[in-house]
Each structure stands twice: as structure tokens, then as C-alpha cells.
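# Fold and geometry: a report
The primary structure of each chain is shown beneath.
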Amino acid sequence: MVFTKLITCSGPVNIAVIKYWGKRNEELILPSNSSLSATLNQKELKTVTSVMASESFSEDRIWLNKRYKQRKGCHDPLLNCKLHICSQNNFPTAAGLASSASGYATLVFAMGKLFDIPVGELSQIARLGSGSACRSMFGGWVKWEMGEAEDGRDCKAVQTHDECHWPDIRLLVLVVSDTPKETSSTSGMASTVKTSELFQHRVNHVVTKRLGLIEEAITQQNFPVFAQITMQESNQFHAVCLDTYPPIFYMNDVSKSIVDLVTQYNAFSREIKAAYTFDAGPNAVIYTLKESVAEITSLLLHFFPPSTQEGCFLSASIFLKGF
Ligand code: 2P0
């Protein structure tokens, strides 16, 4: 009889409010600073991955969004099997929407099930695929602690607050462009570490302070404080990219218009009711509260009507359960 086993899993995207950018060890994927994110629910954005192990396969194969990718083998010595992996995102891949996080997290989770790896070890394995993937292994609010050990044993993701903690928080995802970015996160952050002085200032004097403040704001469900830090973090991350030599630009003119719109909305409201954040791409994520979703959505639709292709509203409502 030929041994065959198939596992299919889906996994979530996470959106950082304290950004990971820069590694102190590229091989072990040890970050230069700790980071913090929220894991989205899987109603709108997710990766679905199937892994099939079979003695009848002659080689390992992987398909990403229906395209066959040439890969080196990942032969498992325990089973005399080759693997066929099929992974699909229901959102733009490599456009700064954390596709590598959900992609690797889901793959590692599926492999873990296939080979009976204890769940507790999976986050650290996911990190080796893509740093931010370790945060997608948990639901709710997740901190990736940079740790101090050289071998990375204390570098791990932990849930700080569960998915029920702040029921009124919402995310709006605005797809500004679905074309893959020009500079990958991996090469971009390596270049930043080598060349940016602002990056040194950030990791030595800024991130730890902000991490403490935002964790407290989340605990207290203090949206204005949470939102201000979120926007300052996004701004500093992109400033660090600009301070990299040669500079890296992830935001475009539409992204900047979204920053303006949120800034004016908050000024007009006389309180901070929305926070933008941008990752390694032009697409925007807006954190807000349930009570403001309708107002912000109508503003966004007015200024960025979907028909013009310049920013389109994609999803609301945050997360729950990692898997
Ligand atoms: C984050 N980003 O914290 C930050 C903000 C992008 C900007 O994590 O080299 O794709 O595979 O570890 O995980 C993107 O980094 O990079 C990222 P690698 P990864 O979400």
C-alpha cells in the first residue's frame, strides 16, 4: 500500500503596530527589535494551504497562488515521502499585506499537523520562514519578543491580549496597489541595518518605550494613545526606509493622500478616531473603533471611489482565533 497523507489548513494575516524592521542575525531570523501586531480574523484575508505527503511522488513540488514554483527539495528523513504543497492567498501577494506572514504560518501549521510537531514549537519554526510569520501563529494581540540569547532560544511570539479583549476595535484594509513590491522586506531591511543612522536611533531609543506605552493603551482600551503610537510607528518605519541608502519607497501618492485624509478626519473630529499604518507596500490599514467605521467608510468611498482604481475598500473587522 502507498502511504499518502493530506492536510489542509487556513491561516491569518497580522498587521503590526510596532514594526519589525531589521535583523541582528539573518540566518536565525533574530530581529533588531521586538514588535507587536493584531491578528486578523480569516473572514476577509487568509492563506489556505494543502500539504500532501506521498511515497508515490517523485519530487517535492510547490504551487503558490496556482503557479508552480521551482524549489529545492524539502525531503523529510522520517518519512520516505515527497511533498506537494499548494498555497493560495485570497488577497494581493507580496504587496505589503503580510502575505509572507500568513503564508509561512499556515505552511508550518500544516506541516506540524502532518508530522505531529508540538504546537508550542511551531511559532519559532514559522519565524525561520519569515520573521513576521511567528506572530500569525496566535490570535489576538501578539508580541514578538526579540530576546537576548545568541542562539535565539528566547526569541519568541507571545499573545499579550486575546481576541476578545477589545471587542470594539476594527481594521479597514485599503488596497492601493496589488502589484508586488520592488524591494523585498528581507533585502530592504538588510540594507537599512547596514546604512541607516535613524534605524540605530530607533532600535536603541524608541521602540522599547513605544512598546510599553502601546501595550498599556491596549490593556486600557485607550484608543487615542494606541492610535497616535501606531501612526508614529508607521511614520518612523517609512522614515527609516527613506534614510536607507539607496532609499526605499514603499508608500505612493495615494498612500500619502490616505495619511492626509486620516489626519484631517482626526483634526475635524477634535479627537483621534482613526490611525493609519503602512507596511512594506503602498496599501493602507486603518485601525478604528466600531462606532466610527460607517463614517470613515463613507469618507473613503467619497475620496477614493472604487471605480477610479485609486484605493478600494476591502475589509472591516478584526480577527479572532489564529487557526
Ligand atoms: C512587520 N514588516 O512588523 C513589518 C513592518 C514589514 C513592515 O514584518 O525577512 O516579510 O521574511 O523576516 O517577515 C515584513 O517582514 O521579513 C514585516 P523576513 P518579513 O509586520
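Residues numbered from 1 in each chain as written. Predicted model: local features only at pLDDT ≥ 70, side-chain atom pairs only at ≥ 80, totals over all residues. Heavy atoms only, no water.

On a plain count of helices and strands, the protein comes out with seven helices and 15 strands. Long-range pairs, those at least 24 residues apart, make up 73% of the contacts in the protein between residues at least 6 apart in sequence. Element-wise, carbon and sulfur atoms account for 54% of the exposed surface of the protein, whose accessible area totals about 15,400 Å². (Helix = DSSP H or I, 4+ residues; strand = E, 2+ residues; numbered from the N terminus. Contact = heavy atoms within 4.5 Å. Areas by Shrake-Rupley, 256 points an atom, 1.4 Å probe, with all protein chains shown as cover.)

W141, F226, I258 and Y287 are the most contacted members of the largest nonpolar core, which totals 48 residues. Core analysis: the second largest hydrophobic core is formed by 20 residues, A53, L83, I85 and L114 among them. (Core = buried A, V, L, I, M, F, W, Y, C linked by side-chain atoms within 4.5 Å. Buried < 20%, exposed > 50% of the residue type's maximum accessible area, 1.4 Å probe, protein only.)

Pairing in this open sheet of four strands is antiparallel, and the strands run β2-β5-β10-β11 from one edge to the other. Edge positions in the sheet fall to β2 (14-18) and β11 (156-161), since each has one partner strand and no second. For this sheet, the mean inter-axis angle between neighbouring strands, taken without regard to orientation, is 35°. Strand direction decides the pairing type here: β2 and strand β5 (residues 35-39), joined by four bridges, are antiparallel. Residue pairing in the sheet places N14 in a bridge with T39 of β5. (Pairing = 2+ DSSP bridges. Axes fitted to C-alpha atoms, helices over the stretch in contact; angles between N-to-C directions.)

Looking now at the state of the cysteines. Following the criterion strictly, the structure yields zero disulfides and no others. For the unlinked cysteine C9, the closest cysteine sulfur is that of C86, found at 13 Å. (Disulfide = S-S within 2.5 Å.)

In this section: the environment of S298. In this fold, S298 is placed in helix α7 (residues 293-303). Side-chain polar atoms of S298 contact the backbone oxygen of E295, separated by 2.9 Å. (Polar contact = N/O pair within 3.5 Å; in protein donor to acceptor, adjacent residues only side chain to side chain.)

Under the defined criterion, the tally for this structure stands at two cavities of 30 Å³ or more. In this structure, the largest cavity spans a volume of roughly 50 Å³. Residue lining of the largest cavity: L261, V262, Y265, A274, I296, L299 and L300, and that is the complete set. Those elements that place two or more of their residues in the lining of the largest cavity are α6 (253-269) and α7. Taken together, the residues of the lining of the largest cavity sort by class into seven nonpolar, no polar and no charged. (1 Å grid on protein atoms, 1.4 Å probe; cavity = no way out; pocket = protein on both sides within 12 Å on 5 of 7 lines; lining within 4 Å. Points joined across faces, edges and corners; volume = space filled by probe spheres on them. Nonpolar A, V, L, I, M, F, W, Y, C, P; charged D, E, K, R; others polar.)

Moving on to the pairing of β5. In terms of burial, β5 is largely enclosed, as five of its five residues are buried. Because side chains alternate across β5, one face comprises the buried residues S35, S37 and T39, and the other comprises L36 and A38, equally buried. Pairing analysis gives four bridges linking β5 to strand β10 (residues 141-145), with the strands arranged antiparallel. The partner of A38 across the bridge, within β10, is W141.

When you tally the buried positions in strand β13 (residues 274-278), you get five out of five residues, the bulk of the element. Covered by surrounding structure in β13 are A274, Y276 and F278 together with A275 and T277, the residues of both alternating faces. By the bridge criterion, five bridges tie β13 to strand β14 (residues 284-289) in an arrangement that is antiparallel. The partner of F278 across the bridge, within β14, is A284. Hairpin geometry of β13 and β14 is characterised by an intervening segment of five residues between the two adjacent antiparallel strands.

Y245 connects to P246 through a cis peptide bond whose omega is -5°. Secondary-structure assignment places P246 in the loop between α5 (223-243) and α6. With a phi close to 70°, K66 is a non-glycine residue in the positive phi region. As for its placement among the helices and strands, K66 is situated in the loop between β7 (61-64) and β8 (67-69).

Enumeration over the complete set of coordinates arrives at 13 aromatic pairs. The interplanar angle of 55° and the centroid separation of 5.7 Å between the aromatic rings of W63 and Y68 together place this pair among those described as tilted. An aromatic cluster is defined as three or more aromatic residues linked by ring pairs; in this entry it consists of W141, W166, F223, F226 and Y287. (Phe/Tyr/Trp six-rings, centres within 6.5 Å; stacked < 30°, edge-to-face > 60°.)

Rolled over the atoms, a probe with the dimensions of a water molecule shows which regions are left empty. By volume, the second largest pocket is sized at about 240 Å³. Looking at the second largest pocket, it is lined by 15 residues, and the ones nearest its centre are K181, E182, T183, F249 and Y250. Within the lining of the second largest pocket, the residues separate by chemical class into eight nonpolar, five polar and two charged.

Below, the discussion takes up the site of the ligand. Within the structure, the ligand sits among 17 residues, and Y20, K23, G131, S132 and T186 are positioned closest to it. Take S130: an N or O atom from its side chain is 2.8 Å from an oxygen atom of the ligand. Contacts to the ligand include R135, whose side-chain N or O atom sits 2.8 Å from an oxygen atom. Coverage of the ligand by the protein chains reaches 93% of its 470 Å² of free accessible surface. In terms of residue count, the dominant contributor to the shell around the ligand is helix α3 (residues 185-195) (three residues). Of the residues belonging to the shell around the ligand, the class tally is seven nonpolar, six polar and four charged. (Near = heavy atom within 4 Å.)

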